[in-house]
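# A closer look at the structure
Residue-level listing of the chains:
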Amino acid sequence: MRTVKVPLGDRSYPIYIGAGALSRLPMECARRQLAARCAVISDRNVAPLYGDRVLRSLREAGFDPILIAVPAGEKAKSLRFVQQCYEQLAVHRLERGSFIVALGGGVVGDLAGFVAATYLRGIALVQAPTTLLAQVDSSVGGKVGVNLPAGKNLVGAFYQPRFVLCDLDTLNSLPRREFRAGLAEVIKYGIIYDAALFRLLERDLAGILGRERGVLAAVVARCCAIKADVVRQDETESGLRAILNFGHTIGHAIEAVSGYGKFLHGEAISIGQTAAARISSRILRLRPSDVERITNLFKRADLPTSIQLRGAQRAKLIETMRLDKKVRGGEIKFVLAKRIGHVVWGEKVPTALIEETLDAAGPALNPQPSILNPSRVRC
Ligand code: NAD
Ligand code: GLY
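Everything numeric in this text was worked out from a predicted model, so none of it was measured. (Residues numbered from 1 in each chain as written. Chains lettered and ligands numbered in written order. Predicted model: local features only at pLDDT ≥ 70, side-chain atom pairs only at ≥ 80, totals over all residues. Heavy atoms only, no water.)

## A closer look at the overall build of the protein
Test applied: Strands here are runs of E lasting at least two residues and helices are runs of H or I lasting at least four, both read from the DSSP assignment and numbered beginning at the N terminus. For the radius of gyration, the atoms used are the C-alpha atoms, and the globule rule reads 2.2 Å times the number of residues raised to 0.38. When accessible area is computed with a 1.4 Å probe and restricted to protein chains, residues below 20% of their type maximum are described as buried, those above 50% as exposed, and intermediate ones as partly exposed. For this analysis, residues touch if any pair of their heavy atoms sits within 4.5 Å. Using a 1.4 Å probe, accessible areas were evaluated by the Shrake-Rupley method; residue-level cover was limited to the displayed protein chains.
The helix and strand inventory of the protein stands at 13 helices and 11 strands. Radius of gyration (C-alpha) of the protein: 20 Å, near the 21 Å computed for a compact globule of 379 residues. When burial is assessed residue by residue, the protein has 59% of its 379 residues classed as buried. Partitioning the intrachain contacts of the protein with sequence separation of at least 6 by distance along the chain shows that 77% fall at a separation of at least 24. Approximately 15000 Å² of the protein is accessible, and the part contributed by carbon and sulfur atoms is 48%.

This is the structure we're talking about:
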């Protein structure tokens, strides 16, 4: 089992990474003297796979858990399901010393985390991420929250978990498309922070796609360590933490304009990161060979690297980027790469250059019905 520490003073916590990590749950909760009554929040795909085992192990250790299963998918990340969770917690009399386990992907982690941050003004939270994206990104760093009809992630908090359990065995049941989408965030860490990780991904991609435990453990641990280091320096995103949004300005706009459904988050930021690399070559002289390596790695991971846009769609995408929270004074700011392993943030990019970069052909952007107003996005 690997352990990565997130050093945040009295809110520091460990991330345990390895096959079977979920079995540590009761022991780690007992060590922290958490109260017996607790809730496992999961979704209706994950609960049937892992819920019983988690509840049984908690009961055997003397805890008194309830299971709250919300629908799978982004629609559960709403105030409606926050309210439903509060009601269950109140009916089952969870107390200040009680705790919540978020068992699932990023949707469950964000929802359960927000419930934990606000119920009784905050009860303990344990993150047990079951998607690659959640293991390398959303379960670490304390961003929790839900969507409003007006936009994504508009209500939230910074609320750190007591510990994180990344059980690599849970990734075996993850659908192939979801696994590959998570890889887009993994590749991001190589581009923004660690050229050696990027080289490892180029070399060992086949093993990662084959979900080989050894290489996966090393990769998940390295991504968590990078995120921990960034969050340690800038927990509430006043500066450096923005680098985690490499490729997200365009990526979020693609998700929003296409109606949150056509592209998974990882697919949208794969296009966004490839575009950001091309823009970087024009503004920061990122070497053409690095742009090619970045594009090729996404392609080899079977992720999209470009998008086909009609004129009106391109205009809508630009308009959506202008409404992103990273925009200051109407100028669209980007995280751009100087070289693989090193990025800078807050770079102004002329609209004409964004348009030119997006003009490369790719999958058509057909709008889908959305539960959200596509105009507002927060990361
Ligand atoms: P998700 O939680 O919707 O999970 C993807 C799908 O996989 C779901 O259908 C889920 O039921 C299923 N699933 C999860 N684990 C499984 C498993 N082990 N086996 C089989 N099926 C499984 O999506 P996600 O990609 O994990 O997370 C996306 C969410 O994360 C978005 O809402 C995004 O805003 C959020 N996010 C948050 C942060 C943060 O810092 N808080 C960072 C990045 C993304
Ligand atoms: N996923 C971006 C962040 O945690 O800041």
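## Focus: helix 4 (residues 106-118)
Definition in use: Residue count minus one, scaled by 1.5 Å, sets the expected span of a helix.
Between the first and last C-alpha of helix 4 there are 18 Å, a value that for 13 residues agrees with the 18 Å anticipated at 1.5 Å per step. Burial analysis of helix 4 places 12 of its 13 residues in the buried class, which makes it a mostly covered element. Where helix 4 is concerned, the buried positions are Gly106, Val107, Val108, Gly109, Asp110, Leu111, Ala112, Gly113, Phe114, Val115, Ala116 and Ala117. In the stretch just after helix 4, Leu120 is the one whose phi turns positive, near 50°.

## Looking at the sheet that holds strand 2 (residues 13-18)
Heads up, the condition is: A pair of strands counts as paired when DSSP detects no fewer than two bridges linking them. Lines fitted to C-alpha atoms define the axes, with helix axes restricted to the stretch in contact, and inter-axis angles between N-to-C directions lie between 0 and 180 degrees.
With respect to topology, seven strands assemble into an open sheet ordered 1-2-9-6-5-3-4, the strand pairing being mixed. Either end of the sheet is taken by a strand with one partner, and the two such strands are strand 1 (2-6) and strand 4 (64-70). Mean inter-strand twist for the sheet, computed between neighbouring axes without regard to direction, equals 20°. Across seven bridges, strand 3 (residues 37-43) lies against strand 4 in parallel orientation. Bridge pairing links Ser42 to Ala69 in strand 4. Where helix 2 (residues 46-60) meets the sheet, its contacts fall on strand 3, strand 4, strand 5 (99-104) and strand 9 (163-167), and the angle it forms with strand 3 comes to roughly 165°. Contacts between helix 3 (residues 79-91) and the sheet are confined to strand 3, strand 4 and strand 5, with strand 4 contributing the most and set at about 160° to the helix.

## Some points on the site of ligand 1
Heads up, the condition is: Any residue with a heavy atom positioned within 4 Å of a molecule or strand is treated as near that molecule or strand. Side-chain atoms alone can form a polar contact between residues adjacent in sequence; in general such a contact is a pair of N or O atoms within 3.5 Å, and within protein one must be able to donate a hydrogen while the other accepts it. Only Asp, Glu, Lys and Arg are considered charged, only Ala, Val, Leu, Ile, Met, Phe, Trp, Tyr, Cys and Pro nonpolar, and every remaining residue, Gly among them, polar.
Around ligand 1, the surrounding shell holds 26 residues, and the nearest of these are Asp43, Gly106, Thr130, Thr131 and Lys152. Asp43 is positioned with one of its side-chain polar atoms (N or O) 2.7 Å from an oxygen atom of ligand 1. Against a free-state accessible area of 870 Å², the protein chains account for coverage of 88% of ligand 1. Going through the elements one at a time, helix 2, helix 4, helix 5 (132-138) and strand 8 (151-158) are the ones with two or more residues in the shell around ligand 1. Here the shell around ligand 1 is composed, by residue class, of eight nonpolar, nine polar and nine charged.

## Thoughts on the pairing of strand 1
In terms of strand pairing, strand 1 meets strand 2 through five bridges, oriented antiparallel. Looking at the pairing, Val4 lines up with Ile15 of strand 2. In textbook terms, the turn of a hairpin is the stretch between consecutive antiparallel strands, and for strand 1 and strand 2 this stretch comprises six residues, one of which, Gly9, has a positive phi near 60°.

## Quick word on the packing of aromatic side chains
Definition in use: Between rings of Phe, Tyr and Trp, where Trp is taken as its six-membered ring, a pair exists when centres lie within 6.5 Å; planes separated by under 30 degrees are stacked, by over 60 edge-to-face, and by other angles tilted.
Scanning the entire structure with this criterion turns up three aromatic pairs. An angle of 90° between the planes, with centres 5.5 Å apart, marks the rings of Phe63 and Phe99 as edge-to-face. In this pair, Phe63 sits in the loop between helix 2 and strand 4 while Phe99 sits in strand 5, placing the two residues 36 residues apart along the sequence. Of the residues examined, Phe63 reaches a relative accessible area of 8% and is grouped as buried. Accessibility expressed as a relative area gives 0% for Phe99, which makes it buried. Pairing Tyr86 with Tyr119 gives two aromatic rings, centres 6.3 Å apart and planes at 25°, and the pair type is stacked.

## Section: the environment of Thr274
Mapped onto the elements of the fold, Thr274 is located in helix 10 (residues 265-283). Here Thr274 falls in the buried class, since its relative accessible area comes to 0%. Here the alpha-carbon distance between Thr274 and Asn296, two residues 22 residues apart in the chain, equals 9.4 Å. Ignoring sequence-local partners within four residues, the contact set of Thr274 consists of Thr295, Phe298 and Thr305.

## What about the side chain of Lys77?
Within the element layout of this structure, Lys77 appears in the loop between strand 4 and helix 3. Take Lys77: its relative accessible area is 3%, and that puts it in the buried class. A polar side-chain atom of Lys77 sits 2.9 Å from a polar atom in the side chain of Asp110. Beyond its immediate sequence surroundings of up to four residues, Lys77 is in contact with Val107, Asp110, Leu111, Gly145, Val146, Asn147, Lys152 and Asn153.

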